[in-house]
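Okay, here's what each chain looks like letter by letter:
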Amino acid sequence: MRIYDPNQFTLQALKGTNIKLILGIPNGVLQSLTDPSAANDYVKTNIASYSPTVKFRYISVGNEVKPTDPEAQFVLPAMHNIYNALVSANLQTRIKVSTSVEPSLLGKSYPPSAGVFSEVASPYITPIIRFLTSIGAPLLANIYTYFSYIGDTKNINLDFALFTSPRIVVHDGSYRYQNLFDATLDSFYSALEKVGAANLDIVVSETGWPSAGGMAATVGNATVYYKNVIKHVKNGTPKRPGKPIETYLFAMFDENRKGPAETERHFGLFSPNKRLKYPIKFI
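(A) Here's a closer look at empty space enclosed by the protein. The tally for this structure, following the rule as stated, stands at one cavity of 30 Å³ or more. Approximately 30 Å³ is the volume found for the largest cavity. Residue lining of the largest cavity: Ser51, Pro52, Val54, Lys55, Phe56, Arg94 and Ile95, and that is the complete set. Split into classes, the residues belonging to the lining of the largest cavity amount to four nonpolar, one polar and two charged.

Shown next, in the form of structure tokens:
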């Protein structure tokens, strides 16, 4: 499960459930956490006081911070301080510190073996990657084939985005790609290789498909996507075959106040009345 801030009611509800959790630290908090004492207080209040009855797995220090965002300068110092606070609490082996990124950091992603971080992103993300490597933590990546598809329908077919292509779409040396999810993830792995982090793991911290509100946003397409991604991630990617992909579905509930795009309100697996929208199973 993933939550995007340390909501105390949610954390209380998770006590004793054995649900493994990604806890997000909001972008607006990052600057304050460049102060080590503030980071220590944050960890004591929101993490250490709940562990081990709440099963924290990762702390995502910021979400989709872009290198040109004002918060970018605070991400790595905040990660260092949160990690050091976990060390002080003797939690660093149980809980990993990372940050969540998205594919706009890639300057090139086609073919996947050519994946590389952009010139703008590289000075931002490379030190973060080195830090993750040094502490044995994965990079968190949000991957939405839906947005890639609607952004380039001329070159991306719907079936490639939905895992339903009947044929190989991308031939990349010895690698063959039949879905966009694998192609995107392997582009990230190629980019990591180029900055000396070939062994760094990636956790897909968000993926999903909207059921309404825009092009190809239907209950039918969302059902197909969720069923297929759940089934597919057990198998790994062409670059990392046989290695299951730890993946988090976005989101649990529709969010009627989200925007600006109408589709942003319709990513939930459940409706606001708590009814499951899709006939999907996780095992």
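(B) Structural detail: the pattern of salt bridges. Taken as a whole and assessed by the stated rule, the structure comprises ten salt bridges. As a salt-bridge pair, Glu246 and Arg57 come within 2.8 Å of each other at their nearest N and O atoms. Note that Glu246 is positioned in the loop between helix H8 (219–232) and strand E11 (247–249) and Arg57 in strand E3 (residues 55–63), a separation of 189 residues in sequence. Through salt bridges with shared partners, one network takes in Asp201, Arg240 and Lys243.

(C) Main features of the pairing of strand E10 (residues 202–207). The buried count for E10 comes to six of six residues, which makes it a mostly enclosed element. Judged from the four bridges that link them, strand E7 (residues 139–142) and E10 form a sheet pairing that is parallel. In the strand pairing of E10, Leu140 is matched with Val203. One ladder, built from two bridges, connects E10 with E11; its direction is parallel. Its bridge partner being in E11, Thr207 is matched across the sheet by Leu249. Read from E10 through H8 to E11, the crossover connection turns out right-handed.

(D) Up close: the side chain of Asp186. Considering the arrangement of structural elements, one finds Asp186 in helix H7 (residues 180–194). No salt bridge is formed by the buried Asp186. Its closest oppositely charged neighbour is Lys239, at 6.2 Å. Contact partners of Asp186, with chain neighbours within four places excluded, come to Pro112, Tyr177, Thr237, Pro238 and Lys239.

(E) Up close: a nonpolar patch on the surface. Together, Phe147, Ile150 and Met215 make up a nonpolar patch on the protein surface, roughly 240 Å² of accessible area in all. Relative to the elements of secondary structure, Ile150 occurs in helix H5 (residues 145–151). A relative accessible area of 32% means that Ile150 is categorised as partly exposed.

(F) How the structure looks around the packing of helix H2 (residues 36–48) against helix H3 (residues 72–88). Where H2 meets H3, the closest approach of the two axes is 8 Å, and the angle between their N-to-C directions is 60°. Between H2 and H3, the angle falls in the class oblique. The handedness of the crossing between H2 and H3 is right-handed. Contacts between H2 and H3 involve Pro36, Ala39, Asn40, Tyr42, Val43 and Ile47 from the first element and Asn81, Ile82, Ala85, Leu86 and Ser88 from the second. Partitioning the contact of H2 with H3 into residue classes produces eight nonpolar, three polar and no charged.

(G) Layout of the sheet that holds strand E2 (residues 20–25). Across the sheet, which stays open at both edges, the seven strands sit in the order E1-E2-E3-E4-E7-E10-E11 with parallel pairing between neighbours. At either margin of the open sheet sits one strand with a lone partner, and together these are strand E1 (2–3) and E11. H3 rests against E2, E3 and strand E4 (96–101) of the sheet, and its axis sits at about 155° to E4.

(H) Representation of the layout of surface pockets. Empty space within the largest pocket amounts to approximately 1,000 Å³. Forming the walls of the largest pocket are 30 residues, and the residues nearest its centre are Met1, Arg2, Leu249, Ala251 and Met252. By residue number, the principal contributor to the lining of the largest pocket is E11, which donates three residues. Grouping the constituent residues of the lining of the largest pocket by class yields 17 nonpolar, four polar and nine charged.

(I) View of helix H4 (residues 122–135). Look at H4: 20 Å from first C-alpha to last across 14 residues, which is about the 20 Å you get at 1.5 Å a residue. Close packing links the buried residues of H4 with H3, E4, strand E6 (116–117), E7 and H7. Backbone geometry just downstream of H4 places Gly136 in the positive-phi region, at approximately 70°.

(J) Geometry of the environment of Ile129. For Ile129, the position within the fold is in helix H4. Put simply, Ile129 and Asn40 are 89 residues apart on the chain and 23 Å apart in space, counted from C-alpha to C-alpha. When neighbours within four sequence positions are excluded, Ile129 is seen to be in contact with Phe117, Leu192, Val195, Ala197 and Leu200.

Procedures and definitions
- Residues numbered from 1 in each chain as written.
- Predicted model: local features only at pLDDT ≥ 70, side-chain atom pairs only at ≥ 80, totals over all residues.
- Heavy atoms only, no water.
- 1 Å grid on protein atoms, 1.4 Å probe; cavity = no way out; pocket = protein on both sides within 12 Å on 5 of 7 lines; lining within 4 Å.
- Points joined across faces, edges and corners; volume = space filled by probe spheres on them.
- Nonpolar A, V, L, I, M, F, W, Y, C, P; charged D, E, K, R; others polar.
- Salt bridge = Lys/Arg side-chain N within 4 Å of Asp/Glu carboxyl O.
- Helix = DSSP H or I, 4+ residues; strand = E, 2+ residues; numbered from the N terminus.
- Buried < 20%, exposed > 50% of the residue type's maximum accessible area, 1.4 Å probe, protein only.
- Pairing = 2+ DSSP bridges.
- Right-handed = clockwise from strand over helix to strand, strands pointing away.
- Lys, Arg positive; Asp, Glu negative; His and termini not counted.
- Contact = heavy atoms within 4.5 Å.
- Patch = residues over 30% accessible without salt bridge, like charges linked within 9 Å, V, L, I, M, F, W, Y side chains within 5 Å.
- Areas by Shrake-Rupley, 256 points an atom, 1.4 Å probe, with all protein chains shown as cover.
- Axes fitted to C-alpha atoms, helices over the stretch in contact; angles between N-to-C directions.
- Parallel < 35°, antiparallel > 145°, perpendicular 65-115°, else oblique.
- Left-handed = near helix turned anticlockwise from the far one by under 90°.
- Expected span 1.5 Å × (residues − 1).

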